[in-house]
Amino acid sequence: RHRQFPARDQVQELPVSSETPSRLRRWAPRLVQGLASGLVLVVLSREVEAQSLSEIVGRVSWGWMSVALVVKAASLLVHEIRLWLSLNPPRPPLRRVAAIGFAAGALNLVLPARGGDLACIAMLRRECGVSVGAATASVGVVAFLEAAMFGLTFLVVLVAGAPRWRGVIGNEAHLQAVSGITLVTLTGVAIAVVGVIVGRRFVSPEPEDAGPSPMALVRETLRQASQNMTAPAVLALNTLLALVQVAGMVGAFALLFPALGLSVPLPLLAAAGVLAISAVAGVVLPPSFGAGPAAAAVAVLAVFGIDQSGALAYAAGWWLISQVPAALIGLPCLWGRGEQVP
């Protein structure tokens, strides 16, 4: 028996899929970010003595580390409760909103510029039937109150430790830091107040179909945000929880110093400084790559007398605390939502 093959003119050419180029375009930025992060880590570790670093790692107190991990996980839970509170009634079930928030938090580990927040908006829309404007307003209110409370916490710690801080960087630099943080915080509050006034006076109090119009989406977002921000009980509770959340985050990273055996005169201020600069670096490089926190730790902790070996050991602990709780809680919540994430 002879196998019959089709004639050449009968052979159909398979269509060339455009999926491969699209995948390349999708992963190209991640590759660039990964290479850039690797280069930053190499540069920072060139002058580090391996023996000094190994000595720090060898004296890690896993008891303090475990406490820090638990505190950080608790702050994540508070964040998702705040996400639920930032939705106007009738609210979806808290459990479902919290799962979406945890899933978005896991995505924020690998996406720069908090790209997981966009996925959170999409998941709230698809799974909970929340309008795009309401979801956007909720994510925005959560982020704003968190930033405001972080500025307030940073300012309180800065003022409370004024004598030691002046001894580290001088009186003039201390005054500049206090005035700068105050200005930024008050500016953010003023912008929020103006947004609420605009939402109350110039936006229809009734829900509207945002549709494809960007202006309609902006109006609906302002309406939802102003409605949430002018509910006294909800705003007070959300603000209090934001303060608890920020205190938990800063406290978790401050616990790293006793966990690593590092002596710092103002651990809360040092932890808040690393956290602030890491957040700025996260706009360009995903925090899971570790380069942003490492650069922030080296820059900030040098002011507090910590050498580069200690700073990089702190950065490694920072990565552990910031990534592990979010990943352990967020990845199971993200499972099964892959098709719903943009």
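These remarks concern the structure in this document. (Residues numbered from 1 in each chain as written. Predicted model: local features only at pLDDT ≥ 70, side-chain atom pairs only at ≥ 80, totals over all residues. Heavy atoms only, no water.)

### Some points on the packing of helix H3 (residues 62-85) against helix H10 (residues 232-254)
- Interaxial distance between H3 and H10 falls to 8 Å at its minimum, and their mutual angle equals 160°. Put simply, H3 runs roughly antiparallel to H10. Seen from above, H3 lies across H10 with left-handed handedness. Within the contact between the two elements, H3 uses Ala 68, Val 71, Lys 72, Ser 75, Val 78, His 79, Ile 81, Arg 82 and Leu 85 and H10 uses Val 234, Leu 237, Asn 238, Leu 241, Ala 242, Gln 245, Gly 248, Met 249, Ala 252 and Phe 253.
- Counted by class, the contact of H3 with H10 contains 12 nonpolar, five polar and two charged residues. (Axes fitted to C-alpha atoms, helices over the stretch in contact; angles between N-to-C directions. Helix = DSSP H or I, 4+ residues; strand = E, 2+ residues; numbered from the N terminus. Parallel < 35°, antiparallel > 145°, perpendicular 65-115°, else oblique. Left-handed = near helix turned anticlockwise from the far one by under 90°. Contact = heavy atoms within 4.5 Å. Nonpolar A, V, L, I, M, F, W, Y, C, P; charged D, E, K, R; others polar.)

### A word on a nonpolar patch on the surface
- Judged by side-chain polarity, Leu 152, Val 156, Leu 237, Leu 240, Leu 243 and Val 244 come together as a nonpolar surface patch covering roughly 480 Å² of accessible area.
- Of all the elements in the fold, those that place two or more residues in the nonpolar patch are helix H6 (132-160) and H10.
- Here the nonpolar patch takes four residues from H10, the largest share from any one element.
- Summarising the element assignment, Val 244 is placed in helix H10. (Patch = residues over 30% accessible without salt bridge, like charges linked within 9 Å, V, L, I, M, F, W, Y side chains within 5 Å. Areas by Shrake-Rupley, 256 points an atom, 1.4 Å probe, with all protein chains shown as cover. Salt bridge = Lys/Arg side-chain N within 4 Å of Asp/Glu carboxyl O.)

### Regarding the packing of aromatic side chains
- This model, assessed by the stated rule, comprises two aromatic pairs.
- Each ring, one from Phe 253 and one from Trp 318, has its centre 5.1 Å from the other, and the planes form 10°; the classification is stacked. Pair noted here: Phe 253 is in helix H10 and Trp 318 is in helix H14 (residues 308-334), with a separation of 65 residues, a long-range link.
- Ring geometry for Phe 257 and Tyr 314: centres 4.6 Å apart, planes at 15°, overall stacked. A residue pair is termed long-range when its members are at least 10 positions apart, and Phe 257 in helix H11 (residues 256-260) and Tyr 314 in helix H14 qualify at 57 residues.
- Relative accessible area serves as the criterion here: at 2%, Phe 257 is assigned to the buried category. (Phe/Tyr/Trp six-rings, centres within 6.5 Å; stacked < 30°, edge-to-face > 60°. Buried < 20%, exposed > 50% of the residue type's maximum accessible area, 1.4 Å probe, protein only.)

### Focus on the nonpolar core
- Phe 253, Leu 256, Phe 257, Val 274, Leu 301 and Tyr 314 are the most contacted members of the largest nonpolar core, which has 51 residues in total.
- Listed by contribution, the elements that provide at least two residues to this core are H3, H6, helix H9 (214-229), H10, H11, helix H12 (267-281), helix H13 (291-301) and H14.
- The element best represented in this core is H6, accounting for 10 residues.
- Not counting chain neighbours up to four residues away, the residues in contact with Phe 253 comprise Lys 72, Ala 271, Leu 275, Tyr 314, Trp 318, Ile 321 and Ser 322.
- Membership of the second largest hydrophobic core comes to 27 residues, among which are Leu 76, Ala 104, Leu 111 and Ala 119. (Core = buried A, V, L, I, M, F, W, Y, C linked by side-chain atoms within 4.5 Å.)

### Observations concerning the environment of Ala 122
- Residue position: Ala 122 is located in helix H5 (residues 116-128).
- According to the relative accessible area criterion, Ala 122 is buried, its value standing at 14%.
- Along the chain, Ala 122 and Ile 100 lie 22 residues apart, while their C-alpha atoms are 9.8 Å from each other.

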